[in-house]
Amino acid sequence: MMTCGYEDPYCEMGLIVGTGSNACYMEEMRNVDLVEGEEGRMCINMEWGAFGDNDCLEDFRTEFDKSVDELSLNPGKQRFEKMISGMYLGEIVRNILIDFTKRGLLFRGKISERLKTRGIFETKFLSQIESDRLALLQVRSILQHLGLDSTCDDSIIVKEVCTVVARRAAQLCGAGVAAVVDKIRENRGLENLKVTVGVDGTLYKLHPHFSTIMHQTVKELSPKCQVTFMQSEDGSGKGAALITAVACRIREAGQR
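- If you check an unreviewed UniProt entry, the protein chain appears there as Phosphotransferase from Aquarana catesbeiana.
- Per UniProt, the comment on the protein chain under Pathway (unreviewed entry) is "Carbohydrate degradation; glycolysis; D-glyceraldehyde 3-phosphate and glycerone phosphate from D-glucose: step 1/4."
- Regarding the protein chain, the relevant UniProt record gives this comment under Sequence similarities (unreviewed entry): "Belongs to the hexokinase family."

Set out below in structure tokens:
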């Protein structure tokens, strides 16, 4: 948010969608209970990956989400992140493929030792398989590289599974962004809001369809907000430098 805000004064939300996911936005001080004062605005680190830890996402979580969560390093935590970020999407796909194979829908009903291996289906394979330039023969080649002896029909099903999992992640992420920008608009009593979201993260940047689906979801769910997305390059480094520079300037001004 800070990096993009340096170039675009309308940038009031920051989002990262990579290995993990988080967001921040500018909140009105009058709504910040832990800090005194009602004038101005404060940047709020949402830690939105933890959304759903109170079971409010149960209507959306599938048996595959729950399986990935239970076997993770922090079961019951970061549930929203586990549905949308790069660290977990490949594992969701792997669990679905195992279920389909058990039902006899994939790989001739035979579960290979490779498919049983946690983490074998990396999220980068989703991006590769979903590439519009990739023919089914190439999808089959990726599966064979993973030790999965697949037919052409298997390749079609695997590609569809990857598409559905990535689309859901992008839509959930878009729903989160839409809720935040709409809150900013309502906070200020505006009929319409023009706002920019600074975005970083490998999933957003490298997946062939994630950003497009996310943008469309935001547009549909927050029609009163004109949202622009700006990619942040080296957001952590540049943003930290900008904040430090501002802090130094404020300190110097106070010493005069």
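### Comments concerning the packing of helix H7 (residues 152-187) against helix H9 (residues 210-221)
For step 1, the next point in the chain: It is the contact of H7 with H9, at a shortest axis distance of 8 Å, that shows an interaxial angle of 40°. By the angle between their directions, the pair H7 and H9 is classed as oblique. You can see that H7 and H9 cross each other, and the crossing is right-handed. Contacts between H7 and H9 pair Ala166, Arg167, Ala169, Ala170, Gln171, Cys173, Gly174, Ala175, Val177 and Ala178 from the former with Phe210, Ile213, Met214, Thr217, Val218 and Leu221 from the latter.
For step 2, the next point in the chain: Of the residues that constitute the contact of H7 with H9, the class distribution is 12 nonpolar, 3 polar and 1 charged.

### A closer look at the packing of helix H4 (residues 86-102) against H7
For step 1, the next point in the chain: Relative to each other, H4 and H7 sit at 140°, their axes nearing to 10 Å. In this view, H4 runs oblique relative to H7, as classed from their interaxial angle. Crossing of H4 over H7 shows right-handed handedness. Two secondary-structure elements touch here, H4 through Leu89, Ile92, Val93, Ile96, Leu97 and Phe100 and H7 through Ile157, Val158, Val161, Cys162, Val165, Arg168 and Ala169.
For step 2, the next point in the chain: When its residues are assigned to classes, the contact of H4 with H7 shows 12 nonpolar, no polar and 1 charged.

Criteria and cut-off values
Residues numbered from 1 in each chain as written. Predicted model: local features only at pLDDT ≥ 70, side-chain atom pairs only at ≥ 80, totals over all residues. Heavy atoms only, no water. UniProt positions renumbered as here; feature names shortened; annotations may be inferred. Axes fitted to C-alpha atoms, helices over the stretch in contact; angles between N-to-C directions. Helix = DSSP H or I, 4+ residues; strand = E, 2+ residues; numbered from the N terminus. Parallel < 35°, antiparallel > 145°, perpendicular 65-115°, else oblique. Left-handed = near helix turned anticlockwise from the far one by under 90°. Contact = heavy atoms within 4.5 Å. Nonpolar A, V, L, I, M, F, W, Y, C, P; charged D, E, K, R; others polar.

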